[in-house]
Amino acid sequence: DHNGTGWFPGDWDKTCEILAQQGITAVFPNMLWGGLAHYPSKVLPRSYTVQRYGDQIAQCVEAAHDAGLQVHIWAICWNLSGAPAEFVERMKQQKRLQVTAVGKTISWLCPSHRQNIALERAALREIAAKYAIDGIHLDYIRFAGSDVCYCDSCRAAFESWRGERAEGWPRSAQNGGKLAAEFRRWRAAHITDVVRAFREQLRAINPRIKLSAAVWGNYPACKDSMGQDWATWLKEETVDFVCPMNYTPDLSRFSTLTHSQLALPRAKGRVFPGLGVTADESQLRADQAIEQVAALRKLGAGGFLLFD
């Protein structure tokens, strides 16, 4: 649920009642972004939604559990969409935003900046400690794209990781540069380290809370392009499960993606494909969604997510 309010703002009970009647077992409400929260956070700026309708996590958890549904809080990492302009500007002034290959800043917090990691950890800690949730679902847990990030923090972290200076920075680390491949490996290793830190923190607070992630379906290409090595997260059990975003109206393409994902090490029972019901990449009719559910079941997936 991307809005964080369910289908009926102010009435999570009605949403959860309908979901339960239709056999849905869990809801993944989008309750926080990199700079916005739909609950009375002491860490992130509060949204208009929480001002008008109140604490959406508390309302969702109560309604969902009463209806027999699990609640996995959907946390969008780093992306500052919807954040107050003054918050974004402060992050820019503090040089905490991602920087492209041409030196342009974008409205994403840089995953290598220590204050950004601390902010994300604090937000997740706040939720895990306060609410009786069943899971945390990480999204955008990656770099924004293949042409980021070349900020000072990334340079320092990259040089520390490789044990020597990155001569010719940033050009040497960009596509075609002599350090490009090494830089891509560092990005993936760094994001994996961040996920591990989130995992350890959740275990310390409440080991029953599941950690999952929405991931790009085209593995291993996303490892280089986004720094998202989610197969390693599965293999090492850094996450409990993943939800590849297999958003396509093409049944053959969907089946091919799902088959390759289920073949990864330790993937059995831990890969739940996402169906792009109303995604930018696909808008599925009911019959198309049914066909994709039938296909993933035939391939051995234990479940699925409907986006959105």
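Everything discussed here concerns the structure shown above.
First, a word on what this report is: a plain description of the structure on this page.

## Section: the overall build of the protein chain
Consideration 1: Broken down by element type, the protein chain carries 11 helices and 11 strands.
Consideration 2: Relative to a compact globule of 308 residues, whose C-alpha radius of gyration would be 19 Å, the protein chain shows 19 Å and is just as compact.
Consideration 3: Overall, the C-alpha framework of the protein chain stretches about 60 × 45 × 35 Å when taken along its three principal axes.
Consideration 4: Within the protein chain, buried positions represent 53% of all 308 residues.
Consideration 5: A separation of at least 24 residues holds for 68% of the contacts in the protein chain among residues at least 6 apart in sequence.

## Brief notes about a negative patch on the surface
Consideration 1: Together, D13, E17, E62 and D66 line one region of the surface with negative charge.
Consideration 2: Looking at the negative patch, the elements that each hand over two or more residues are α1 (12-21) and α3 (56-66).

## Points about unusual backbone geometry
Consideration 1: Cis geometry marks the peptide bond from Y219 to P220, where omega comes out at 10 degrees.
Consideration 2: Here P220 lies in the loop between β8 (210-216) and α8 (221-225).
Consideration 3: Of note, the bond from F307 into D308 is cis; its omega dihedral lies within 30 degrees of zero at 15 degrees.
Consideration 4: On the secondary structure map, D308 appears in the segment after β11 (305-307).
Consideration 5: In this model, Y140 sits at a positive phi of 55 degrees, which is unusual for a non-glycine residue.
Consideration 6: Mapped onto the elements, Y140 comes out in the loop between β7 (135-139) and α6 (152-162).
Consideration 7: For Y140, a relative accessible area of 23% puts it in the partly exposed group.
Consideration 8: Look at E237: it is not a glycine, yet its phi comes out positive at around 60 degrees.
Consideration 9: With respect to the secondary-structure elements, E237 resides in the loop between α9 (230-235) and β9 (241-245).

## Re the packing of aromatic side chains
Consideration 1: Using the criterion set out here, one finds 15 aromatic pairs in the structure.
Consideration 2: Cluster of aromatic residues (ring-pair linked, three or more members): F143, Y150, F158, W161, W169, F183 and W186.
Consideration 3: Cation over ring: K14 sits above F8, and NZ or CZ is 4.3 Å from the ring centre.

## Quick word on the nonpolar core
Consideration 1: Of all hydrophobic cores here, the largest spans 81 residues; its most connected members are Y39, I136 and I141.
Consideration 2: The biggest single contributor to this core is helix α7 (residues 180-205), with 7 residues.

## Re the environment of Q70
Consideration 1: Tracing the backbone shows Q70 in strand β4 (residues 70-76).
Consideration 2: Along the chain, Q70 and G10 lie 60 residues apart, while their C-alpha atoms are 19 Å from each other.
Consideration 3: What Q70 contacts, discounting residues up to four positions off in sequence, is T25, A26, V27 and D134.

## A few points about the environment of G135
Consideration 1: Topologically, G135 is positioned in strand β7.
Consideration 2: Since its relative accessible area comes to 0%, G135 is described here as buried.
Consideration 3: Expressed as a C-alpha distance, the spacing of G135 and F241, which sit 106 residues apart in the sequence, is 11 Å.

## Some remarks on the pattern of salt bridges
Consideration 1: Tallied over the entire structure, the rule returns 9 salt bridges.
Consideration 2: A salt bridge links E159 to R155; its shortest N-O distance comes to 3.0 Å. Here E159 and its partner R155 are both found in helix α6, 4 residues apart, which amounts to about one turn of the helix.
Consideration 3: Taking the shortest distance from any N to any O, the salt bridge between E182 and R162 comes out at 3.2 Å. Taken together, the residues span a long stretch of sequence, with E182 in helix α7 and R162 in helix α6 at a distance of 20 residues. Take E182 and R162: they sit in the same class, and that class is buried.

## So, the packing of α1 against α3
Consideration 1: Remark: α1 packs on α3, axes separated minimally by 9 Å, with the N-to-C direction vectors making an angle of 40 degrees. In terms of orientation, α1 lies oblique with respect to α3. Here α1 runs over α3; the crossing is right-handed. Seen from α1, the contacting residues are W12, D13 and C16; seen from α3, they are Q56, Q59, C60, A63 and A64.
Consideration 2: Considering only residue class, the contact of α1 with α3 consists of 5 nonpolar, 2 polar and 1 charged.

Calculation criteria
Residues numbered from 1 in each chain as written. Predicted model: local features only at pLDDT ≥ 70, side-chain atom pairs only at ≥ 80, totals over all residues. Heavy atoms only, no water. Helix = DSSP H or I, 4+ residues; strand = E, 2+ residues; numbered from the N terminus. Rg over C-alpha atoms; globule rule 2.2 N^0.38 Å. Buried < 20%, exposed > 50% of the residue type's maximum accessible area, 1.4 Å probe, protein only. Contact = heavy atoms within 4.5 Å. Patch = residues over 30% accessible without salt bridge, like charges linked within 9 Å, V, L, I, M, F, W, Y side chains within 5 Å. Areas by Shrake-Rupley, 256 points an atom, 1.4 Å probe, with all protein chains shown as cover. Salt bridge = Lys/Arg side-chain N within 4 Å of Asp/Glu carboxyl O. Lys, Arg positive; Asp, Glu negative; His and termini not counted. Charge placed at Lys NZ, Arg CZ, Asp CG, Glu CD. Phe/Tyr/Trp six-rings, centres within 6.5 Å; stacked < 30°, edge-to-face > 60°. Lys NZ or Arg CZ within 6 Å of the ring centre and 35° of its normal. Core = buried A, V, L, I, M, F, W, Y, C linked by side-chain atoms within 4.5 Å. Axes fitted to C-alpha atoms, helices over the stretch in contact; angles between N-to-C directions. Parallel < 35°, antiparallel > 145°, perpendicular 65-115°, else oblique. Left-handed = near helix turned anticlockwise from the far one by under 90°. Nonpolar A, V, L, I, M, F, W, Y, C, P; charged D, E, K, R; others polar.

By themselves these figures say nothing about function.
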